[in-house]
Amino acid sequence: QVQLVESGGGLVQAGGSLRLSCAASGRTFSDLAMGWFRQAPGKERDFLAISRSGGSTYYADSVKGRFTISRDNAKNTVYLQMNSLKPEDTAVYYCAANIGYGGTLNVHYRYWGQGTQVTVSS
């Protein structure tokens, strides 16, 4: 069983930055594919970025160039650095994990955090 705890959400003005953190426990962190998703009110939960166990990363087009995913295997933590935030980035942001393979779909991840709210004001 993998437990995930997100932190770092909050209220920020458009153009600002936030860094989200997700601390994992219960499994060797380097074995985990780690993903970030978000869900805006009334919308589906969308893929944002993945950090695979081998170190490669991949981004959704909507955040490429603005968001950066990184991981610190020594701290069992994955981060999402979000820059140039826009009001349309307002959502609940979720961290997700899977042992081994990770992809861009919700069903690719077995473990989910509780989510952290990000609100971007105009």
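Going by the structure above, here's the rest.
Residues numbered from 1 in each chain as written. Predicted model: local features only at pLDDT ≥ 70, side-chain atom pairs only at ≥ 80, totals over all residues. Heavy atoms only, no water.

Attention shifts here to the state of the cysteines. Per the stated rule, a full pass over the model turns up one disulfide. Between the sulfur atoms of Cys22 and its disulfide partner Cys95 the distance amounts to 2.0 Å. Its S-S torsion of approximately -75 degrees makes the covalent link between Cys22 and Cys95 left-handed. Separated by 73 residues along the polypeptide, Cys22 in strand β3 (residues 18-25) and Cys95 in strand β9 (residues 91-99) bring together distant segments of the chain. (Disulfide = S-S within 2.5 Å. Helix = DSSP H or I, 4+ residues; strand = E, 2+ residues; numbered from the N terminus.)

A separate point is the side chain of Ser21. By the element assignment, Ser21 lies in strand β3. Among residues more than four places away in sequence, those in contact with Ser21 are Val5, Glu6, Ser7, Trp36, Thr77, Val78 and Tyr79. (Contact = heavy atoms within 4.5 Å.)

Sheet strands pair via backbone hydrogen bonds, and the direction of the pair is either parallel or antiparallel. Spatial strand order, β1-β3-β8-β7: four strands in an open sheet with antiparallel pairing. The open sheet has two free edges, formed respectively by β1 (3-7) and β7 (67-72), since each of these has just one partner strand. On average, adjacent strands in this sheet sit at an angle of 15 degrees to one another, irrespective of strand direction. Sheet topology places β7 next to strand β8 (residues 77-82); six bridges connect them, and they run antiparallel. If you follow Ile69 over to β8, its bridge partner there is Leu80. (Pairing = 2+ DSSP bridges. Axes fitted to C-alpha atoms, helices over the stretch in contact; angles between N-to-C directions.)

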